[in-house]
Amino acid sequence: MARKFVNFATEKDHLYKALCRQKKAQQHGNRKTPILWKHVNDINQDISRKTARAILDFAILYNVDVIVFEYLDTNGKKRGSRKQRLQLWRKREIQRIVEHQAHKCGIRVSRICAWGTSALAFDGSGRVERGSYMQDGKEKYNYSICVFPNGKTYHCDLNASYNIGARYFIRELLKSESVMTRLPAEANDLRYGTGTTRTLSTLIRLNADLSTSCA
């Protein structure tokens, strides 16, 4: 259950400063700024490479068998205050580098459906509210924090990572015929939901059913 947050704060700060310089240049009439954009892209590429390296180093440290990614499709028009960050997020490049290097180390790479991994609480209590939360009687805002329907406050990315891992294990378990024959007759697919609704609590329920069948 080792955990690690990969966040290159210094490099991201350099990226945002480079973006600000590029934005100011455009505001002063410089529509074409190839040198500034090259600087932005170079910093962004460096972040993606360092992120991929950090993921792989963490996997090697704990001798993992498989690295699980979300299948992310961010094509189309971006909306909202974070649209530029989404546009610059090199998720495919990071996954490509990790997959290439992981295969050299004998580590498999798998992908699961991304729908609902961040929106659903890992304990099965329902959909989370993201951004606003209460601390010491005061309302605060942090988009990285989510609040579960039962009142629990948790980190959004950590909550999502639990659901990502759980969906992979559920999928692999339910593909096995030996596991399906061991499950109770009433434990059909509806009991474990669909790929977009499964959370860590679903995996715990599945494991409990398998343990009961072995007893």
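All values derive from a computational prediction rather than experimental measurement. (Residues numbered from 1 in each chain as written. Predicted model: local features only at pLDDT ≥ 70, side-chain atom pairs only at ≥ 80, totals over all residues. Heavy atoms only, no water.)

Student: Let's hear about the overall build of the protein: which residues, and what values?
Tutor: Regarding its fold elements, the protein presents seven helices and five strands. Secondary structure elements of the protein occur, N-terminal to C-terminal, as α-α-β-α-α-β-β-β-β-α-α-α. Residue burial in the protein is summarised as follows: out of 215 residues, 34% are buried. When the accessible surface of the protein is summed, it comes to about 14100 Å², and 53% of that surface belongs to carbon and sulfur atoms. (Helix = DSSP H or I, 4+ residues; strand = E, 2+ residues; numbered from the N terminus. Buried < 20%, exposed > 50% of the residue type's maximum accessible area, 1.4 Å probe, protein only. Areas by Shrake-Rupley, 256 points an atom, 1.4 Å probe, with all protein chains shown as cover.)

Student: Talk me through the sheet that holds strand E4 (residues 138–147); I want residue IDs and the actual numbers.
Tutor: The strand order E3-E4-E5 describes an open sheet built from three strands, whose pairing is antiparallel. Of all the strands in the sheet, just strand E3 (129–135) and strand E5 (153–155) have a single pairing partner and so form its edges. With strand direction ignored, the average angle separating the axes of adjacent strands in the sheet is 40°. The pairing of E4 with E5 spans three bridges and is antiparallel. Counterpart to Cys146 in the pairing with E5 is Tyr154. Here helix H5 (residues 156–175) sits on the sheet in contact with E3, E4 and E5, set at roughly 75° to E5. (Pairing = 2+ DSSP bridges. Axes fitted to C-alpha atoms, helices over the stretch in contact; angles between N-to-C directions. Contact = heavy atoms within 4.5 Å.)

Student: Explain the pairing of E4 to me, and be specific about the residues and the numbers.
Tutor: Of the pairings in the sheet, the one linking E3 to E4 comprises seven bridges and is antiparallel in character. Counterpart to Tyr133 in the pairing with E4 is Lys140. Count of turn residues in the E4/E5 antiparallel hairpin: five residues, of which Gly151 carries a positive phi of about 95°.

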